[in-house]
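The primary structure of each chain is shown beneath.
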Amino acid sequence: MNFLQPIGHYVLKFFGSVGRLVLFTLTALSHCIRPPFYPRAILRQMIEIGYFSLPVVGLTTVFAGMVLALQSYTGFSRFSAEGAIANVVVLSITRELGPVLAGLMVTGRIGASMAAELGTMRVTEQVDALTTLSTNPFKYLVVPRILAGITMLPILVLIGDIIGVLGGYLVAVYQLGFNASNYIQSTWEFMENMDVVSGLVKAAVFGFIITLMGCYHGYTSKGGAQGVGKATTDAVVSASILILCFNYLLTMMFFDK
Amino acid sequence: MSDIPKIRLRNVHKAFGPKTVLNGLDLDVMPGESVVIIGGSGTGKSVTLKCTLGLMEPDSGTIEVDGENVVGLGSRDRERINHKFSMLFQGGALFDSLPVWENVAFGPIADKTITRKQGKELAIEKLAQVGMPAEVADLYPSELSGGMQKRVGLARAIAGDPEIIFFDEPTTGLDPIMADVINDLIVKVTRELGSTGLSITHDMASARKIADRIAMLYQGKIIWQGPADSIDHCDNPYVQQFINGRADGPIEMAVRK
Ligand SMILES: Nc1ncnc2c1ncn2[C@@H]1O[C@H](COP(=O)(O)OP(=O)(O)O)[C@@H](O)[C@H]1O
Ligand SMILES: [Mg+2]
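Chains are numbered independently. Their residues run from 1 in the order of the written sequence. Lettering of chains starts at A and numbering of ligands starts at 1, both following the order in which they are written. Local features are withheld for residues below a pLDDT of 70 in this predicted model, meaning they are given only at 70 or higher, and side-chain atom pairs are given and counted only at 80 or more; totals for whole chains, interfaces and linings count all residues. For the side-chain quantities, the full set of heavy atoms in the structure was used; hydrogens and water were omitted.

1. Digging into the UniProt feature "domain: ABC transporter" (unreviewed entry) in chain B
Line of reasoning, step 1. UniProt positions are given in the numbering used here, feature names are shortened, and annotations may be inferred rather than shown by experiment. Feature annotation in UniProt assigns "domain: ABC transporter" (unreviewed entry) to the following positions: residues 7-244 of chain B.
Line of reasoning, step 2. Starting at the N terminus, helices and strands are each numbered in turn, a helix being any DSSP run of H or I of at least four residues and a strand any DSSP run of E of at least two. Across residues 7-244 of chain B one finds 37% helix and 26% strand; the C-alpha atoms that close the span lie 29 Å apart.

2. Let's talk about the UniProt feature "transmembrane region" (unreviewed entry) in chain A
Residues and elements named next belong to chain A.
Line of reasoning, step 1. Following the UniProt record, the feature "transmembrane region" (unreviewed entry) maps to residues 12-29, 49-70, 146-176, 196-219 and 231-255 here.
Line of reasoning, step 2. Between the end C-alpha atoms of residues 196-219 there is a gap of 34 Å, over a span that is 100% helix and 0% strand.
Line of reasoning, step 3. What you have in residues 231-255 is 100% helix and 0% strand, and the ends, taken at the C-alpha atoms, are 35 Å apart.

3. Points about the site of ligand 1
Residues and elements named next belong to chain B.
Line of reasoning, step 1. Any residue with a heavy atom lying within 4 Å of a molecule or strand is counted as near it. Phe-16, Lys-19, Val-21, Gly-40, Ser-41, Gly-42, Thr-43, Gly-44, Lys-45, Ser-46, Val-47 and Met-56 make up every residue found near ligand 1.
Line of reasoning, step 2. We define a polar contact as two N or O atoms separated by no more than 3.5 Å, with the added condition that, inside protein, one atom must be a possible hydrogen donor and the other a possible acceptor, whereas residues neighbouring each other in sequence contribute only through side-chain atom pairs. A distance of 2.6 Å separates an oxygen atom of ligand 1 from a polar atom in the side chain of Lys-19.
Line of reasoning, step 3. Here ligand 1 has 550 Å² of accessible area as a free molecule, and 63% of this is covered by the chains.
Line of reasoning, step 4. Elements with a contribution of two residues or more to the shell around ligand 1: strand 2 (19-29) and helix 1 (45-53).
Line of reasoning, step 5. Considering every element that reaches the shell around ligand 1, the biggest residue donor is helix 1, with three residues.
Line of reasoning, step 6. We call Asp, Glu, Lys and Arg charged. Ala, Val, Leu, Ile, Met, Phe, Trp, Tyr, Cys and Pro are nonpolar, and the rest, Gly among them, are polar. Partitioning the shell around ligand 1 into residue classes produces four nonpolar, six polar and two charged. The Shrake-Rupley method, run with a 1.4 Å probe, gives the accessible areas here. Residue values count only the displayed protein chains as cover.

4. A few points about empty space enclosed by the protein
All names here are of chain A.
Line of reasoning, step 1. For each structure, a 1 Å grid was placed over the protein atoms alone; sets of points admitting a 1.4 Å probe that cannot get out are labelled cavities, open sets with protein on both sides within 12 Å along at least five of seven lines are labelled pockets, and lining residues have an atom within 4 Å of a point. Grid points are joined across faces, edges and corners, and a volume is the space filled by probe spheres set on the points. Counted under the stated rule, the structure contains one cavity of 30 Å³ or more.
Line of reasoning, step 2. Space inside the largest cavity adds up to approximately 30 Å³.
Line of reasoning, step 3. As for the largest cavity, its lining consists of His-31, Pro-36, Phe-37, Tyr-38, Ile-42, Lys-139, Val-143 and Pro-144.
Line of reasoning, step 4. No other element matches the three residues that helix 6 (residues 137-175) contributes to the lining of the largest cavity.
Line of reasoning, step 5. Residue composition of the lining of the largest cavity, by class: six nonpolar, one polar and one charged.

5. Quick word on the sheet that holds strand 7 (residues 164-168) of chain B
Through backbone hydrogen bonds, the strands of a sheet pair up, either in parallel or in antiparallel fashion.
Residue and element names in this part refer to chain B.
Line of reasoning, step 1. Paired strands, as defined in this entry, are two strands with at least two bridges between them according to DSSP. Spatial strand order, 6-7-8-3-9-10: six strands in an open sheet with mixed pairing. Edge strands, defined here as strands with exactly one partner in the open sheet, are strand 6 (85-88) and strand 10 (221-227). Taking the axes of each pair of neighbouring strands and ignoring which way they run, one obtains an average angle of 20° across the sheet.
Line of reasoning, step 2. In this sheet, strand 8 (residues 196-201) lies alongside strand 3 (residues 34-38) in parallel orientation, the contact comprising five bridges. Note on strand 8: the bridge partner recorded for Ile-37 is Ile-200. Axis lines are fitted through C-alpha atoms, for helices just across the contact stretch, and the angle between N-to-C directions can take any value from 0 to 180 degrees.

6. So, the nonpolar core
Line of reasoning, step 1. Counting 70 residues, the largest nonpolar core has Leu27(B), Phe166(B) and Leu198(B) as its most contacted members.
Line of reasoning, step 2. At 10 residues, the largest contribution of residues to this core is made by helix 6 of chain A.
Line of reasoning, step 3. With near-sequence residues (within four places) excluded, Phe166(B) lies in contact with Ile7(B), Leu49(B), Thr52(B), Leu53(B), Phe85(B), Ser86(B), Met87(B), Leu88(B) and Leu198(B).
Line of reasoning, step 4. Buried Ala, Val, Leu, Ile, Met, Phe, Trp, Tyr and Cys residues form a nonpolar core when they are joined through side-chain atoms within 4.5 Å. Exposed residues in this analysis have more than 50% of their type's maximum accessible area, buried residues have under 20%, and partly exposed residues fall in between, with area computed by a 1.4 Å probe over protein chains only. Ala105(B), Val130(B), Ile182(B) and Val187(B) belong to the second largest nonpolar core, which has 47 residues in total. In this description, contact between two residues means that some pair of their heavy atoms is separated by no more than 4.5 Å.

7. A closer look at the state of the cysteines
Line of reasoning, step 1. We call a pair of cysteine sulfur atoms a disulfide whenever their separation is within 2.5 Å. Using the criterion set out here, one finds zero disulfides over all chains in the structure.
Line of reasoning, step 2. Summary of cysteine pairing: Cys32(A) is not part of a disulfide, and the nearest cysteine sulfur, belonging to Cys215(A), is at 9.8 Å.

8. Examining the pairing of strand 7 of chain B
Put simply, side chains in a regular strand alternate between the two faces of the sheet.
Residue and element names in this part refer to chain B.
Line of reasoning, step 1. Of all five residues making up strand 7, five are buried, and the element is well covered by its neighbours.
Line of reasoning, step 2. Neither face of strand 7 is exposed, since Ile-164, Phe-166 and Asp-168 on one face and Ile-165 and Phe-167 on the opposite face are all buried.
Line of reasoning, step 3. Pairing of strand 7 with strand 8, which is carried by five bridges, proceeds in the parallel orientation. Bridge pairing in strand 8 places Asp-168 opposite Ile-200.
Line of reasoning, step 4. A clockwise course of the path from the first strand over the helix to the second, judged with the strands pointing away from the viewer, identifies a crossover as right-handed. In this fold, strand 7 hands off to helix 7 (residues 176-193), which returns the chain to strand 8; that crossover is right-handed.

9. Details of the environment of Ile124(B)
Residues and elements named next belong to chain B.
Line of reasoning, step 1. For Ile-124, the position within the fold is in helix 5 (residues 116-129).
Line of reasoning, step 2. Judged by relative accessible area, which is 30%, Ile-124 ranks as partly exposed.
Line of reasoning, step 3. Residues Ile-124 and Ser-34, spaced 90 residues apart in sequence, show a C-alpha to C-alpha distance of 27 Å.
Line of reasoning, step 4. Discounting chain neighbours no more than four positions away, the residues touching Ile-124 are Ala-134 and Ala-137.

10. Focus: the environment of Phe254(A)
Residues and elements named next belong to chain A.
Line of reasoning, step 1. Within the secondary structure, Phe-254 sits in helix 9 (residues 224-255).
Line of reasoning, step 2. Sequence separation between Phe-254 and Gly-199 is 55 residues, and the spatial gap between their C-alpha atoms is 9.9 Å.
Line of reasoning, step 3. Other than its neighbours up to four places away in sequence, Phe-254 contacts Met-194, Ser-198 and Val-201.

11. Considerations on the interface of chain A and chain B
Line of reasoning, step 1. In this assembly, 15 residues from chain A lie in contact with 23 residues from chain B.
Line of reasoning, step 2. When a carboxyl oxygen of Asp or Glu lies within 4 Å of a side-chain nitrogen of Lys or Arg, that pair is called a salt bridge. Where chain A meets chain B, there are two salt bridges.
Line of reasoning, step 3. Taking the shortest distance from any N to any O, the salt bridge between Lys50(B) and Glu125(A) comes out at 2.9 Å.
Line of reasoning, step 4. Broken down by secondary-structure element, the contributors of at least two residues to the side of chain A that touches chain B are helix 2 (39-51) and helix 5 (126-132) of chain A.
Line of reasoning, step 5. Sort the elements by how many residues they give to the side of chain A that touches chain B and helix 5 of chain A lands first, with six residues.
Line of reasoning, step 6. Broken down by class, the residue content of the side of chain A that touches chain B amounts to five nonpolar, six polar and four charged.

In structure tokens, the structure reads:
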């Protein structure tokens, strides 16, 4: 029966980490609604997450829109249904690709740097120093990052949606030779409010996941430079998996009848 | 002097997993006194300070500040108690995302006892007390040398006029002359503020200079304490080995396990 021992050990360890994560999340949420707030810190994080992620999100979504147009043309042209390209581009971008691509790119950019920054602050005792200076590190470090994540990701995704659809338009009109006004008209026809709204709700959830994972792994890291490196990897990997997993669940919730 | 100790630790135990660090530690620090705890690396000196500050919870035992037990306090009471404390961290623990002046004035600004504008004036005043020019105020911690960072850390520790200051290895990693400068500053600022000091170090020159009373920590207990000038003719073999820095004696280094 000896082989059960390591299994039991890992099961206990797994539930231990889930418990710690849940506790961390609840603590963070409870601090989100209790003053004092740090508007300067929130603003700083909003700029870091929202403004400085624009180029990455813009580039990924524009190419996604372009390749969607190109690929669906190859698929649909055989049935002479070129008009469906606009439909494919706008639906895929607003419902799925916009939020998921933006989420994954911001994970790489922000999740990693948050984990590294908070992890370094932890191992160099800056987190302890905050406590001795009558500042709650949760309120000062974690809450601004989470609030900025939840608010900035939808804005980023909205901009990404527009750029992605524009990418599809450019390929359809200039490379595939469609009529510009017809293309725009069918884009408007096929797009529904629900598509965009569901994408933005997803974005807010992803923003929460990214910042929560970055903060959790950074805040709880230990053991010097190596610990900080591990925190960074863990933050990116766990946030990416959670994003794809929640993307499925949210799609099911919104569109599965 | 009143009879109630400023800090009173009784029978404090702390273990990390199987490893016992504090094993029934008793210590009193009287108001206005400067006590230095000496002991080898990894004997639990920092853990003692962190338990007192509430950054860690002891496994058992009592810790009193001004006669009030502080073990297991809620966060609001903890914050009230921590207003009495400040700490100079071993590595400085300056916030590297903030300029020097914001570091120094961080506590008073967080307490809202002063505005940010007054904070800068306060910072320049405190920097002057530790012998640093006003130009330093706008630099970032990463632009300073180790000795300058320690001084900024000291300025930050005294900025809130604390009743009790902890110094965690204030001279470790500094050259002997800079170490002496820091020792002089510690004596000067604690005297000017009239605050109680608790320092930990393994630097005997530093201990002799800043201590009224020295206590030696070994295997989780205080094994000797007495006035600073009595340490050279005490007959405790552990203390004698430590202050003379001999490899052989009753203290066994865990080089092999
Ligand atoms: N957060 C922690 N988790 C596990 N072990 C710790 C922790 N903090 C300190 N220790 C252990 O406690 C012992 C005492 O540490 P410390 O008080 O920092 O020593 P020092 O006397 O050099 O300041 C060390 O062996 C260290 O490994
Ligand atoms: Mg230490």
